[in-house]
Amino acid sequence: TINGGSLTVDNGAVLTVNETFKNTDAAAFIINEGAQVFQNNNNVEATFNKNIRTPKSWGTSKYDGWQFIASPIVNANIIDFIPMTDTDYDLFKYDGTKELQWINYKGHFNEFEKTFQLGTAYLASYEAETSTSFSGLLNNASSFDFDVTYYGEDSWANFHLLGNPFPFNMDWNKVTLENVYDGYAIVNPSDGSYMTYTK
């Protein structure tokens, strides 16, 4: 139980809670990028810090400074993730059913959900290096079902951008890949490149 104090789990550290974990103040339990938390009960408030790194040439190259993000928090508000400074940013979500598959939060916030959706990956880039965060209730589930769709008349509608909904690493060897047609690609965390696998 965190009561009147605080707990920070730093990069590279792993916190495993075998019994009940109680915390009702998101600011009192900090999970920094690169840390992992294993716990198995509901109603644990936390703040998960994420560093959006400085792009090499923001706004001039479509390849530099982009990061895929996903929230391990079940109710993190998207507006809290938006930088409140004079620096610019981009936040996209992917929707294969749209004519323009990438939807930018800027100018299209009415097409965005209010909170980050578990299991959905987003594409983010900030003009200046920024430490941002997801705050709310930790997702304590041990498994997650991804809702994907198939539309035979439009091949673009059959692409999906999935993100890790857990505050710990996802084991791709345990992911059930039923009805995967051509295969899948995952991001190499060491350099951001794609690793493609054929089903």
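Described in the following lines is the structure provided in the data block. (Residues numbered from 1 in each chain as written. Predicted model: local features only at pLDDT ≥ 70, side-chain atom pairs only at ≥ 80, totals over all residues. Heavy atoms only, no water.)

**Description of the nonpolar core**
And step 1. Ranked by internal contacts, the top residues of the largest apolar core, which has 30 residues, are F29, I69, L91 and F116.
And step 2. Of all the elements in the fold, those that place two or more residues in this core are β3 (29-31), β5 (45-52), β7 (89-94) and β9 (122-126).
And step 3. Here F29 is in contact with I2, L7, V9, L15, F21, N23, V37, V44, E45, A46, T47 and L138, once residues within four sequence places are set aside. (Core = buried A, V, L, I, M, F, W, Y, C linked by side-chain atoms within 4.5 Å. Buried < 20%, exposed > 50% of the residue type's maximum accessible area, 1.4 Å probe, protein only. Helix = DSSP H or I, 4+ residues; strand = E, 2+ residues; numbered from the N terminus. Contact = heavy atoms within 4.5 Å.)

**With respect to the packing of aromatic side chains**
And step 1. Counting across every chain of the model gives 14 aromatic pairs.
And step 2. Ring plane angle 65° and centroid distance 5.1 Å describe the contact between Y94 and W102, whose orientation is recorded as edge-to-face.
And step 3. Between F116 and Y122, the ring centres sit 5.0 Å apart and the planes meet at 85°, which makes this aromatic pair edge-to-face. For the pair shown, F116 and Y122 are each scored as buried.
And step 4. Seen from the ring of Y89, K106 lies directly overhead, with NZ or CZ sitting 5.4 Å from the centre. (Phe/Tyr/Trp six-rings, centres within 6.5 Å; stacked < 30°, edge-to-face > 60°. Lys NZ or Arg CZ within 6 Å of the ring centre and 35° of its normal.)

**Section: unusual backbone geometry**
Excluding glycine, a negative phi dihedral is what most residues carry, and trans is how most peptide bonds are arranged.
And step 1. In the Ramachandran plot, N43 falls in the positive-phi region, its phi being about 65° despite a non-glycine side chain.
And step 2. Within the element layout of this structure, N43 appears in the loop between β4 (36-38) and β5.
And step 3. Taking relative accessible area as the criterion, N43 reaches 56% and is therefore assigned exposed.

**Re the sheet that holds β5**
And step 1. Spatially, the 4 strands line up as an open sheet ordered β1-β3-β5-β10, and their pairing is mixed. For this open sheet the edge positions go to β1 (7-9) and β10 (130-137), each flanked by a neighbour on one side alone. For this sheet the average axis-to-axis angle between neighbouring strands, irrespective of direction, equals 20°.
And step 2. With 2 bridges connecting them, β3 and β5 associate as parallel partners. Among the inter-strand pairings, I30 is bridged to a residue of β5, identified as T47. (Pairing = 2+ DSSP bridges. Axes fitted to C-alpha atoms, helices over the stretch in contact; angles between N-to-C directions.)

**Remarks on the pattern of salt bridges**
And step 1. Within the structure shown, the criterion is met by 3 salt bridges.
And step 2. The partner of K50 in a salt bridge is E33, with the nearest N and O atoms 3.1 Å apart. Here K50 is found in strand β5, whereas its partner E33 is found in the loop between β3 and β4, with 17 residues between them in sequence.
And step 3. Residue E33 is classed as partly exposed on the basis of its relative accessible area, which comes to 23%.
And step 4. A salt bridge links D90 to K106, with the nearest nitrogen and oxygen atoms 3.2 Å apart. Taken together, the residues D90 in strand β7 and K106 in the loop between β8 (102-104) and β9 connect sequence positions 16 residues apart.
And step 5. Judged by its relative accessible area of 13%, D90 falls in the buried class.
And step 6. Accessibility expressed as a relative area gives 29% for K106, which makes it partly exposed. (Salt bridge = Lys/Arg side-chain N within 4 Å of Asp/Glu carboxyl O.)

**What about the sheet that holds β7?**
And step 1. Here we have 4 strands laid out as an open sheet, ordered β6-β9-β7-β8, and antiparallel in their pairing. In this open sheet, the two strands that pair with only one neighbour each are β6 (67-69) and β8. Across the sheet, the mean angle from the axis of one strand to that of its neighbour is 35°, orientation sign disregarded.

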